[in-house]
Amino acid sequence: MTPLNTDHTSNPTHTLETACDLLADTHRRTILQYLNDQETDVATVDELATHVHAEVEAVPDPDHARTALVHMHVPKLADAGVIEYDQHDETVQYQDEPLLEAILAVAATHDV
């Protein structure tokens, strides 16, 4: 997968295909929307797991959400350069991504 933005100091170099791939999953959309809506761009994995459990009906409890986040969704977002993930502290820091934010805004207006 092509990183969305390998140089966060310049204009985004994301492809629509990569952005859509990242946002195709409800867990990742929920994570990114949460990080985008917060006053701070940093959250713990436990905060994200609690939020995903509350927002995604198919997630039976925060432990299931946490497992999916740590093993699948957070690494995929980190590999794409959308977040920075500190495994030791279990914190996630969002990197402003205008293309993703625009798509999320459209999705929110359509309750997607």
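Residues numbered from 1 in each chain as written. Predicted model: local features only at pLDDT ≥ 70, side-chain atom pairs only at ≥ 80, totals over all residues. Heavy atoms only, no water.

Participant: Would you explain the sheet that holds strand β1 (residues 42-44) in this entry?
Facilitator: Paired through their backbone hydrogen bonds, the strands of a sheet run either parallel or antiparallel. With antiparallel pairing, the three strands of this open sheet are ordered in space as β1-β3-β2. Edge positions in the sheet fall to β1 and β2 (83-86), since each of these pairs with one other strand and no more. Taken over all neighbouring pairs, the strand axes of this sheet differ in orientation by 20° on average, direction set aside. Those strands touched by helix α2 (residues 26-37) are β1, β2 and β3 (91-94), and its axis lies near 70° from that of β3. (Pairing = 2+ DSSP bridges. Helix = DSSP H or I, 4+ residues; strand = E, 2+ residues; numbered from the N terminus. Axes fitted to C-alpha atoms, helices over the stretch in contact; angles between N-to-C directions. Contact = heavy atoms within 4.5 Å.)

Participant: Got a minute to help me understand the pairing of β3 in this structure?
Facilitator: Here β3 shows a clear split, with Val-92 and Tyr-94 buried on one side and none of Thr-91 and Gln-93 buried on the other. With four bridges joining them, β2 and β3 adopt antiparallel strand pairing. The residue bridging Tyr-85 from the neighbouring strand is Val-92, located in β3. Where β2 folds back on β3, the antiparallel hairpin that results is connected by four residues, among which Glu-90 adopts a positive phi of roughly 55°. (Buried < 20%, exposed > 50% of the residue type's maximum accessible area, 1.4 Å probe, protein only.)

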